[in-house]
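Architecture at a glance
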Amino acid sequence: MTNPTAAQPFDIERVRRDFPILQRTVHGKPLVYLDTAASAQRPLAVIEATDRFYREHNANVHRGVHTLSQEATDLYEGARRGLARFINADSEREIIFTRGTTEAINLVAQSYLRPRLEPGDEILITHMEHHSNIVPWQMLREQTGAVLKVAPINDRGELELDALEALLSDRVRLLGVVHISNALGTINPVAEICRMAKRHGIPVLVDGAQAMPHSRVDVQALGCDFFCLSAHKMYGPTGIGALWARESTLESMPPWQGGGEMISRVTFEQSTWNELPAKFEAGTPNIAGGVGLGAAVDYLDGLGLEVIAAYERSLLKYATERLREIDGLRIIGTAGNKAPVVSFTLGDIHPHDLGTIVDHYGVALRTGHHCTMPVMQFFGVPATARASFGLYNTLEEVDVLADALEKARAMF
Ligand code: PMP
């Protein structure tokens, strides 16, 4: 699994040259992009792979005997194989392409869990979930009479594992947990949580949207049952992502959406389903997106996730130190094990004002509830400002952020 070429030291200047957008200015200042947790920027490798696809190979996949269709199919299915290898899936049949994490979770809710639920059965999630790992279960609750339970967090923004374990009753039909919180940066001990759930015979869905760009994900080592991801968080295109689950689990699930591609035979009386993974991929897919996802996987693999993670840890450490020096700045999310995400408030300045002011210094911060309103409620804030770092950020950019925040503070 480990890429032998990846043991190189991390050459940040070379890496930055891979991302053309980093050359641009905003309000006359160099762009300092600190919104990677919302959507990462794309390297040339991804941009060129999608460009080449449209210029040279564009056609619909799977159904054509002509050369372009076969080339498009090879590229699209090659990306599936690449992703399967990247996350250590047993086979590419375990990779269902979706629009992203959100669609992957909805697929599990409607196809896996809905037929298995009786009124009073429980779905367990945690207090730090993204709305995409809350709302699909609430909708399922309305449809089935199931009960939604929530495992608590502490004031550092860490899961309370004992309390979580105490909630693993024999009524729980699924545990949904975020691998890395987009709002707090917390890295959850997902393998340990999966072992805990296994002892109670409870399947686990991992929301891996934020994990993919920051850590080496091995779905078998994690021991989860479902893993959901989005390409745009991992330097790939928007509108494509994937659900991973074991073949036996996917075989046991009915299709979710009906249409072309997912069938084997259709008559007006009855239809039969295609094999995996096509059974869950109704309609023409995001082919260029898949090709771009494949290129993003190769890009991350080429740099080496262990090397990326080590570099990002230095960014997080420096950013935390620098921001702590700012009078009145409160960091929300101080877990012992964190990804390079720093959420904060600054005195009484509304995060949206803060975001607007630092934008004038070229700094792109995200402000708001980050699709985690319950996290905001827990910490008693309406919103935070969030600096989220990627493999292309630098220590100097942390200084630009800190200086811009000092200037904002001085204005109020
Ligand atoms: N979960 C987490 C932790 C996220 O950060 C996001 C995106 N912000 C999602 C789920 C949803 O991902 P998408 O919008 O790509 O479906």
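From a predicted model like this one, the values you see are computed outputs, not experimental measurements.

Okay, the packing of helix α2 (residues 44–57) against helix α10 (residues 287–303) next. One can describe the packing of α2 onto α10 by two numbers: an axis separation of 8 Å at closest approach and a directional angle of 145 degrees. Between α2 and α10 lies a crossing of right-handed hand. Listed contacts from α10 to Ala45, Val46, Ala49, Thr50, Phe53 and Tyr54 of α2 are Ile287, Ala288, Val291, Gly292, Ala295, Ala296 and Tyr299. The residue inventory of the contact of α2 with α10, partitioned by class, reads 11 nonpolar, 2 polar and no charged.

So, about the pairing of strand β17 (residues 384–388). With 5 of 5 residues buried, β17 lies mostly within the body of the structure. Residues Thr384, Arg386 and Ser388 point to one face of β17 and Ala385 and Ala387 to the other, with burial holding for every one of them. Where strand β16 (residues 366–368) meets β17, 3 bridges bridge the pair, whose relative direction is antiparallel. The residue of β17 that forms the bridge with Thr367 is Ala385.

Attention shifts here to the environment of Tyr299. Tracing the backbone through its elements, the reader meets Tyr299 in helix α10. Through-space distance from the C-alpha of Tyr299 to that of Tyr235 is 8.6 Å; in sequence the pair is 64 residues apart.

Let us now look at the nonpolar core. Ranked by internal contacts, the top residues of the largest apolar core, which has 108 residues, are Leu83, Ile87, Phe227, Phe344, Leu391 and Leu405. Of the residues forming this core, the biggest block, 10 residues, is contributed by α10. Mapping this core onto the domain boundaries places at least three of its residues in each of domain 1 (12–30 + 304–410) and domain 2 (47–301). Those residues within four positions of Leu83 in sequence are excluded, and the remaining contacts are Ile95, Phe97, Met212, Leu229, Ala242, Leu293 and Val297. Core analysis: the next-biggest nonpolar cluster, separate from the first, contains 26 residues, Tyr112, Leu117, Phe226 and Met253 among them.

Below, the discussion takes up the site of the ligand. Around the ligand sit 13 residues in total, of which Thr102, Asp207, Gln210, Ser230 and Lys233 are the nearest. Between the ligand and Ser230 there is a distance of 2.7 Å, counted from an oxygen atom to a side-chain nitrogen or oxygen. Here the ligand loses 85% of its free accessible area of 400 Å² to cover by the protein chains. Among the residues making up the shell around the ligand, the classes are represented as 3 nonpolar, 8 polar and 2 charged.

Here the focus is the sheet that holds strand β9 (residues 226–230). Taken in spatial order, the 7 strands line up as β4-β10-β9-β8-β7-β5-β6 in an open sheet, and their pairing is mixed. For this open sheet the edge positions go to β4 (95–98) and β6 (147–151), each flanked by a neighbour on one side alone. Looking at each pair of strands side by side, their axes are set apart by 20 degrees on average, direction ignored. Here strand β7 (residues 172–178) pairs with strand β8 (residues 204–207) via 4 bridges, running parallel. Looking at β8, one finds that Leu175 is bridged to Val204.

Looking now at unusual backbone geometry. Here the residue pair Leu276 and Pro277 is connected by a cis peptide bond, since its omega of -5 degrees sits within 30 degrees of zero. Mapping Pro277 onto the fold places it in the loop between β12 (271–273) and α10. Within the chain, Tyr235 stands out as a residue other than glycine whose phi angle is a positive 75 degrees. With respect to the secondary-structure elements, Tyr235 resides in the loop between β9 and β10 (241–245). The class of Tyr235 is buried, set by a relative accessible area of 0%.

Along the polypeptide, Tyr54 turns up in helix α2. Each C-alpha atom of the pair Tyr54 and Ile287 lies 9.8 Å from the other, and the pair is 233 residues apart in sequence.

Turning to the side chain of Asn106, a few remarks are in order. Within the element layout of this structure, Asn106 appears in helix α4 (residues 101–113). A relative accessible area of 18% places Asn106 in the buried class. Among the polar contacts listed, one links the side chain of Asn106 to the backbone oxygen of Thr102, at a separation of 2.9 Å.

Along its sequence, the protein is carved into domain 1 (12–30 + 304–410) and domain 2 (47–301). Centre-to-centre separation of domain 1 and domain 2, based on C-alpha positions: 28 Å. Taken residue by residue, the interface counts 36 residues in domain 1 and 30 residues in domain 2. Its largest share of buried area at the contact with domain 2, domain 1 owes to Leu305, Cys371 and Phe378, together 22% of the area lost on that side. Here domain 1 and domain 2 share 1 salt bridge between them.

Calculation notes
- Residues numbered from 1 in each chain as written.
- Predicted model: local features only at pLDDT ≥ 70, side-chain atom pairs only at ≥ 80, totals over all residues.
- Heavy atoms only, no water.
- Axes fitted to C-alpha atoms, helices over the stretch in contact; angles between N-to-C directions.
- Helix = DSSP H or I, 4+ residues; strand = E, 2+ residues; numbered from the N terminus.
- Left-handed = near helix turned anticlockwise from the far one by under 90°.
- Contact = heavy atoms within 4.5 Å.
- Nonpolar A, V, L, I, M, F, W, Y, C, P; charged D, E, K, R; others polar.
- Buried < 20%, exposed > 50% of the residue type's maximum accessible area, 1.4 Å probe, protein only.
- Pairing = 2+ DSSP bridges.
- Core = buried A, V, L, I, M, F, W, Y, C linked by side-chain atoms within 4.5 Å.
- Domains from an automatic or database assignment.
- Near = heavy atom within 4 Å.
- Polar contact = N/O pair within 3.5 Å; in protein donor to acceptor, adjacent residues only side chain to side chain.
- Areas by Shrake-Rupley, 256 points an atom, 1.4 Å probe, with all protein chains shown as cover.
- Buried area = accessible area lost by both parts, 1.4 Å probe.
- Salt bridge = Lys/Arg side-chain N within 4 Å of Asp/Glu carboxyl O.

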